[in-house]
Amino acid sequence: MSTVVAFHAHPDDEVILTGGTLAKAAAAGHRVVVVTATDGRIDNDDDLTRLDELRSSTGILGAQRTECLGYADSGYGPEFYPDPPGRVRFGRADVEEAAQRLAAILRAEDAQLLLSYQANGGYGHRDHVQVHHVGKRAAELAGTPRILEATMPRELLRRVSDLCRLLRLPPPYEQEVLDDAYAPRAEITHRVDVRAMARQKRDAVAAHRSQLGTGLGARVYQALLRLPPQALGTIFRHEWFVDPAAAPGPLRDNIFEGTSS
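Parameters and conventions
- Residues numbered from 1 in each chain as written.
- Predicted model: local features only at pLDDT ≥ 70, side-chain atom pairs only at ≥ 80, totals over all residues.
- Heavy atoms only, no water.
- Helix = DSSP H or I, 4+ residues; strand = E, 2+ residues; numbered from the N terminus.
- Rg over C-alpha atoms; globule rule 2.2 N^0.38 Å.
- Buried < 20%, exposed > 50% of the residue type's maximum accessible area, 1.4 Å probe, protein only.
- Contact = heavy atoms within 4.5 Å.
- Lys, Arg positive; Asp, Glu negative; His and termini not counted.
- Charge placed at Lys NZ, Arg CZ, Asp CG, Glu CD.
- Pairing = 2+ DSSP bridges.
- Axes fitted to C-alpha atoms, helices over the stretch in contact; angles between N-to-C directions.
- Core = buried A, V, L, I, M, F, W, Y, C linked by side-chain atoms within 4.5 Å.

Let us now look at the overall build of the chain. Along the chain, the regular secondary structure elements total 10 helices and seven strands. A globule of 261 residues ought to have a C-alpha radius of gyration of about 18 Å, and the chain, at 17 Å, matches this closely. With respect to the three principal axes, the spread of C-alpha positions in the chain is 50 × 45 × 35 Å. By residue count, 49% of the 261 residues in the chain fall in the buried class. Within the chain, residue pairs in contact and separated by at least 24 positions form 81% of the contacts whose partners lie at least 6 positions apart. Each charge class in the chain was averaged separately, 31 positive and 35 negative side chains, and the resulting centres sit 6 Å apart.

Here we come to the sheet that holds strand 7 (residues 238–242). One open sheet accounts for seven strands, arranged 3-2-1-4-5-7-6; its pairing is mixed. Two strands bound the open sheet, and with one partner strand each, they are strand 3 (65–71) and strand 6 (190–193). When the angles between neighbouring strand axes are averaged without regard to direction, this sheet yields 25°. Note: strand 4 (residues 113–117) against strand 5 (residues 146–151), five bridges, orientation parallel. Note on strand 5: the bridge partner recorded for Leu115 is Leu148.

Phe7, Val32, Val35, Phe90, Leu115 and Tyr182 are the most contacted members of the largest nonpolar core, which has 53 residues in total. In terms of residue count, helix 3 (residues 95–109) provides more of this core than any other element does, six residues in total. Grouped together as the second largest cluster of nonpolar side chains are eight residues, Ala23, Leu61, Val205 and Leu225 included.

Okay, structure coming up:
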């Protein structure tokens, strides 16, 4: 069996992008470790709700270890807030220092596989872009042999956005973001069927209660979470990855293919 470390920017990213894949790996007997760069706090308040939600989520997914590097959330949008007292926002963290922290976990776990993000951070969030740089460097420092970068097909997101506009629902991303978001299908190397993990993924998403929000978009999201697992698994059937070291070819379903146990 192998050990996979999933490195994410914020609590809830772990389930949105890789929840089914991690649950599937844990169910197959692999060791699953989740690391987030931030605790989700924008400021230095004492509310650690998002870390508690993270631990609940990763427990549902079957992860054996959950860690947070302790950086502050950088926020999304044009304004990049100053660092809160005594902490650094992950978007401006020293890459080498952050990579050393992550590499220590990779070494301790003897990880064979690191799940990280693409250079564009998916949709351009500065913390997600930083995950790519820190994850890549940490794998070099620790000698972790393989990286897979979590993504989604750009073409699929465009169709979803068109459907949302037709139904007068808020699209997941603005059009200017979609032009360069995530990855075109031709670059994707892994498409993991996660239908069997729909119940765990649904419950892990629901564990992040503080992020469900309000308004029409939140009501649609909550309605989706009330669907039976069979229906949810049909809608959210796959999770996708890019192997930056492999040439595109037939899509693979097994993230551990080519990994020595």
